[in-house]
Amino acid sequence: MDFEIIGQWEDSKYGLQLSVESFRELVSQTREGIIGYLSSGLIKDIGPKMAAAIYGGVGKPAGGAAAYSRYLPQKLEKIRLSFQDSRALRDIVARLSPYGISVKKAAKVLEAFGGNAMEILQNQPFRLCEIKGFGFKIVDAIARAVRCSPSDPLRIGGGLCYLLDEAEQAGHLFLPYGELLQKACLLLNEGLPQEEVTRPVVEARLNQLLVEKKLFCDIRRVYKPELRKAEVDVARKVLQMLSDKNSLPADMDAELTRSQKSLGLTLSEKQAEAVRMWDKSSLSIITGGPVPARPPPCG
């Protein structure tokens with residue numbers, strides 16, 4: 001880990017010592033990080049090929065820039081000004097670009113964490129899961145690069161929420177408690193040489209999230225709170241609809257004919273059948289997109 005330190009050298013009984021006034025951690029200037037920054041969009045007219053050429057002039061970033069200076073003075077001036085104007089964002093982009101993180105998403109990190117962003121990326125990278133658009137697996141890769149503990153509570157919480165998000169994408173509102181634990185243990189130990197994240201540790205973290213009301217459990221079913229609320233709201237609405245008295249026309253077929261003529265449209269038989277269902281039930285569920293009726297044959 002490298003630091004930039006500002007201070008003064010002073011004599012002491014132990015010899016010459018540096019009296020530190022301020023310091024900051026320096027982002028590792030990897031080839032991928034520098035090229036990612038140069039081609040990130042922060043500097044106009046510089047793409048990946050140009051960035052690689054600038055970097056690779058003599059194998060080092062400064063030398064590469066110098067090698068290109070006789071050809072690209074205006075572009076290099078843009079780089080210099082960009083470095084001055086966006087130092088904080090530059091460091092975040094350099095840290096995250098090797099993982100495919102865009103400048104726009106890197107800017108979200110700066111917006112969320114401000115001056116603490118680099119410290120959080122180094123020591124609490126799983127807080128990235130708090131920002132929309134940062135998936136667990138990308139954050140996990142970032143965390144492993146800084147040797148974050150596999151049993152970090154933030155990592156375990158992020159893994160549990162990731163699994164619930166996956167279930168939601170598959171059409172499920174919840175996961176059974178035991179199934180969620182089993183899946184989490186597999187996910188959190190994926191790629192590790194041995195099982196470092198034990199089931200009791202995962203369960204303790206899950207129970208903590210339940211106590212903090214960040215997750216919800218009902219009859220051994222674990223939900224994200226917003227999905228549990230949505231399920232309850234829909235159930236209440238269904239009960240209300242079933243108890244309401246519908247005031248439907250006495251002759252549904254006649255009303256269908258009148259409405260189609262008035263609106264200038266023709267329903268398919270399936271669409272007309274769906275409308276007639278109102279006469280038989282207080283509640284109808286329609287799935288899938290609309291299917292347009294076939295136009296009448298020409299001639």
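Predicted, not measured: the structure shown is a model, and the values here were computed from it.

*Asks:* Give me the lowdown on the environment of Gln 17, citing residues and values where you can.
*Replies:* For Gln 17, the position within the fold is in strand 2 (residues 15–26). Note on Gln 17: relative accessible area 38%, which makes it partly exposed. Excluding anything up to four places from it in sequence, Gln 17 contacts Gln 8, Trp 9, Glu 10 and Ser 12.

*Asks:* An account of the nonpolar core is needed here, citing residue identities and associated values.
*Replies:* Within the largest apolar cluster, 43 residues are counted, with the highest numbers of intra-cluster contacts made by Val 109, Leu 128, Val 202 and Leu 206. Only helix 5 (87–96), helix 6 (103–113), helix 7 (117–123), helix 8 (136–145), helix 9 (153–169), helix 10 (177–188) and helix 11 (199–211) provide two or more residues apiece to this core. When residues in this core are grouped by element, the largest group, 7 residues, is from helix 10.

*Asks:* Let's hear about helix 11: which residues, and what values?
*Replies:* Taking 1.5 Å per residue, 13 residues should reach 18 Å; helix 11 reaches 18 Å between its end C-alpha atoms and fits that length. Those residues of helix 11 that sit buried are Val 202, Arg 205, Leu 206, Leu 209 and Leu 210. Each buried residue of helix 11 sits inside an arc of 145° when the element is viewed along its axis, so together they form one side. Of the exposed residues in helix 11, those oriented more than 90 degrees away from the buried face are Pro 200 and Val 211.

*Asks:* Could you give an account of the packing of aromatic side chains, with specific residues and numbers?
*Replies:* This model, assessed by the stated rule, comprises 4 aromatic pairs. Between Phe 216 and Tyr 223 the ring centres are 6.3 Å apart and the planes differ by 65°, which places this aromatic pair in the edge-to-face class. Since its relative accessible area comes to 33%, Phe 216 is described here as partly exposed. Ring-pair connections join several aromatic residues into one group, and the members of that group are Phe 126, Phe 136 and Tyr 162. Taking the ring centre of Tyr 177 as reference, the NZ or CZ of Arg 220 above it sits at 4.1 Å. Over the aromatic face of Tyr 223 sits the side chain of Arg 228, whose NZ or CZ is 5.3 Å from the ring centroid.

Cut-offs and rules
- Residues numbered from 1 in each chain as written.
- Predicted model: local features only at pLDDT ≥ 70, side-chain atom pairs only at ≥ 80, totals over all residues.
- Heavy atoms only, no water.
- Helix = DSSP H or I, 4+ residues; strand = E, 2+ residues; numbered from the N terminus.
- Buried < 20%, exposed > 50% of the residue type's maximum accessible area, 1.4 Å probe, protein only.
- Contact = heavy atoms within 4.5 Å.
- Core = buried A, V, L, I, M, F, W, Y, C linked by side-chain atoms within 4.5 Å.
- Expected span 1.5 Å × (residues − 1).
- Arc of directions from axis to C-beta.
- Phe/Tyr/Trp six-rings, centres within 6.5 Å; stacked < 30°, edge-to-face > 60°.
- Lys NZ or Arg CZ within 6 Å of the ring centre and 35° of its normal.

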